Amino acid sequence: MNANGYLQLVAYVVVLLALAKPLGTYMARIYEDEPALLNRIGAPFERLIYRVCGIAPAEEMRWTQYAMATLWFSLAGTLAVYALQRLQLALPLNPQALAAVRPDSAFNTAASFATNTNWQGYGGESTMSYLTQMLALTVQNFVSAAAGMAVLIALIRGFARQGAQTIGNFWVDLTRGTLYILLPHSIVLALALVSQGVVQTYSAYHRVPLIESVEYDKPKMDADGQPLKDDKGAPVTEKATQKEQVIAVGPAASQIAIKQLGTNGGGFFNVNSSHPFENPTPLSNFLEMLAILLIPAALCHTFGLMVGDIRQGWAILAAMTIVFVALLAVCVSAEQAGNPTLAKLGVDQAASATQSGGNMEGKETRFGIVNSALWATATTAASNGSVNSMHDSYTPIGAMVPMWLMQLGEVIFGGVGSGLYGMIVFAIVTVFIAGLMIGRTPEYLGKKIEAFEIKMAAIVVLIPLAMVLGGTALAVMLEAGRAGVANPGAHGFSEILYAFSSAGNNNGSAYAGLSANAPFYNTALGMVMLFARFWLMLPTLALAGALAAKKRVPVGLGTLPTHTPLFVFFLIGVVLIVGSLTFIPALALGPVIEHLVLYGIK
Amino acid sequence: MLTELRRALLMLLLLTAVTGIAYPLAVTGIANAVFPDQAAGSLIVQHEKALASSLIGQPFADTKHFWSRPSATSPHPYNAGSSAGSNLGPLNPALAEAVTARVKALRDADPGNAAPVPVDLVTASASGLDPHISPAAAEYQVARVARARGLDGQRVRALVAQATEERQLGFLGEPRVNVLRLNLALDDLR
């Protein structure tokens, strides 16, 4: 990697951290209903929404009511996404006449988008009509993100209040997060992306003549549209000549903007942000990458402001940034080292002034190694899951970084809202362990952490682990699970482990070689996504309710300060130890073996 | 409980109207007013007919043209209606086989050029639609294209330089050559 590569990495981290304070301050104002420009302009419309829905904005909810509202809203969203996919052929804005989505795939996508995972079992341009992309997918991109942020704000209120029965009003938090935070940022980002060449149109796909026509082997189909196979099971093909290129377009920019900002990640096109219409230039790439971590980072400052001690927010942000930068360095250097099997074939993989070199299979020229590896690390640190390169073709160590970042529980930045509430839960576990070591009742932000809080925290930490390992084990044992694997050897196991790591932590990125658009994976991964989202939200809200009711204890001599470098490294230690102890055996069977074989170490 | 369900349905309906209808339509309206060419797909138009999109690559196999990166879309390469990467793992024998065949094809088209092949020229892109190759991959092909067209190497290099896009803002991304623009410029020489 050259000096310019380092410059790009440093610029990214610096801009991200510089924006955390202003945006974090703005978000705190929105959620605490202090005057900001947009919530004054939008106030009449906001009141109209409450009136139509029969909501009294000043009326607060207990944690159980807050949870019920969240669940009803998510259920309504899931059903709407399912219905729109099944009915799309009968609905307008479907110029390519794309057929109704199969039930198992429609269920998977509905679960995926309502849980802010945005795993894509389907290829966007060949499956979803423009109407489905807008009304089903774009809407969930907004509201599932806003719901995650609402739950975080409820948890923060749990710390900020004392002796309180209520933790806010879900409908109000949802509406404000959508209207004043996600929507304005999306409009600005969408237009910036169009300026770079991201498409935004309702016209049908373009047809252009190819400069050189291309001959290829066309698979023969039987009467049912299934590929014909010969006696040996190989597909039967015939020679064909392609003279024109069909170019898929669509209203992409509006969806991509919120896909990045809301840690959603579901692309408009099959190959997500590696598609030249979804991410055409290095500048669009920088903005999209920035959008991945922007809100999760800024929410740390919001947290500090709302609990009345901004050092607490920055301590957590520091822990996240340290882990992120360390793993980023591993990913970039593994990818830059290239693929040793290609070196023997007369291929030049060395970085120079005229090429990025490195492992370029599944990467785009305009991004090269640095921007591909940076994106892969950011998108899995956050539970975004969009990609600008194909993780399935990464080197074993390069791909282990994104996989492990997901397995850490999506708390290194994590999803909007969900990442920080996950990290706060880890902070609770950390003060508990510290309390055991020094023999005192643990406290966090002035609240005593007792048996109930630790039980809830344990559920939040353990459920994703159980989902990932249990799901992987099930898939490996079943014929239907093994059938989806595309690559031989240890890499095939990694494909399955990656899929469940992604679904079990609501990330959504994939080793795309895995044929996951089949009934087994659609169902299993759909269930895992639902479980991992809502069984983390419920204990988090229970935690919020319990904490809000507690009195604040004054800081004493025995209080462990939670804003010091010591605590930051203790927190990092807890996150990494839980993540390592749980996943090193599984990782040893996948990327570690693959790495040893790749480098011929016996 | 049912009150909350009714609120959920109404809220979803209203937020759908805002984020699923008003928002994309507003972005489309502004985008088409301010950036109409980009919003439509950056098409290269000649005599009122779309010739190509400058952002979407095409396959080339003629020795007179610069070759693009390999594409893994199916059923034919550079299928811009169904983007895809190869998703081959680094140890997959199919990857080594494919790269060997691509190196051989490049060497057969340019006998005597024994330089190592720049990696992007023999590996499939993520999208299968990558419009670019690295400057190194362009330089590797300059002698071949110049010979096939009976042109001076410097003349071809000048065209490569014109089709080269530098790092954005001086430091973002990688320098790259737009193969489609380069080949169109070569074809226009006649």
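Keep in mind it's a predicted model, so treat the numbers as computed, not measured. (Residues numbered from 1 in each chain as written. Chains lettered and ligands numbered in written order. Predicted model: local features only at pLDDT ≥ 70, side-chain atom pairs only at ≥ 80, totals over all residues. Heavy atoms only, no water.)

## Observations concerning helix α4 (residues 135-149) of chain B
Residue and element names in this part refer to chain B. Helix length check: α4 (15 residues) gives 20 Å between terminal C-alpha atoms against 21 Å at 1.5 Å per residue, within 8%. Along its length, α4 shows its largest kink, about 40°, at Q141. α4 sits mainly inside the fold: 11 of its 15 residues count as buried. Looking at α4, one finds that the buried residues are P135, A136, A137, A138, Y140, Q141, V142, R144, V145, A146 and R149. Next to the buried residues of α4 lie α3 (93-109), β3 (117-118), β4 (132-133), α5 (153-162), β6 (176-178) and α6 (179-188). Trailing α4 by a residue or two, G150 shows a phi angle of about 65°, which is positive. (Helix = DSSP H or I, 4+ residues; strand = E, 2+ residues; numbered from the N terminus. Expected span 1.5 Å × (residues − 1). Bend = angle between axes of the 7 residues up to and from the residue. Buried < 20%, exposed > 50% of the residue type's maximum accessible area, 1.4 Å probe, protein only. Contact = heavy atoms within 4.5 Å.)

## A word on the pattern of salt bridges
Considering all chains together, one arrives at 23 salt bridges over all chains under this definition. Put simply, D104 of chain A and R102 of chain A hold a salt bridge, and the shortest N to O gap is 3.1 Å. Its relative accessible area of 41% is what places R102 of chain A among the partly exposed residues. With a shortest N-O distance of 3.0 Å, E4 of chain B and R7 of chain B are connected by a salt bridge. One end of the pair, E4 of chain B, and the other, R7 of chain B, are both in helix α1 (residues 2-34), 3 residues apart, so they sit about a helical turn from each other. Taken together, the salt bridges that share partners define one network made up of D33, E46 and R176 of chain A. (Salt bridge = Lys/Arg side-chain N within 4 Å of Asp/Glu carboxyl O.)

## Digging into the domain arrangement of chain A
In terms of domains, chain A is made up of domain 1 (24-203 + 251-304) and domain 2 (206-247). Placing a centre on the C-alpha atoms of domain 1 of chain A and another on those of domain 2 of chain A gives a separation of 38 Å. (Domains from an automatic or database assignment.)

## Remarks on the domain arrangement of chain B
When its domains are assigned, chain B resolves into domain 1 (2-40) and domain 2 (47-188). The C-alpha-based centres of domain 1 of chain B and domain 2 of chain B are spaced at 39 Å.

## Details of the interface of chain B and chain A
Listed as interface residues are 103 residues of chain B and, on the opposing side, 118 residues of chain A. Here chain B meets chain A over a buried area of about 8800 Å², counting both sides, of which 67% is carbon and sulfur. Interface area lost by chain B to chain A is led by Y23, N87 and P90 of chain B, which between them contribute 9%. The interface formed by chain B and chain A contains 0 salt bridges. (Buried area = accessible area lost by both parts, 1.4 Å probe.)

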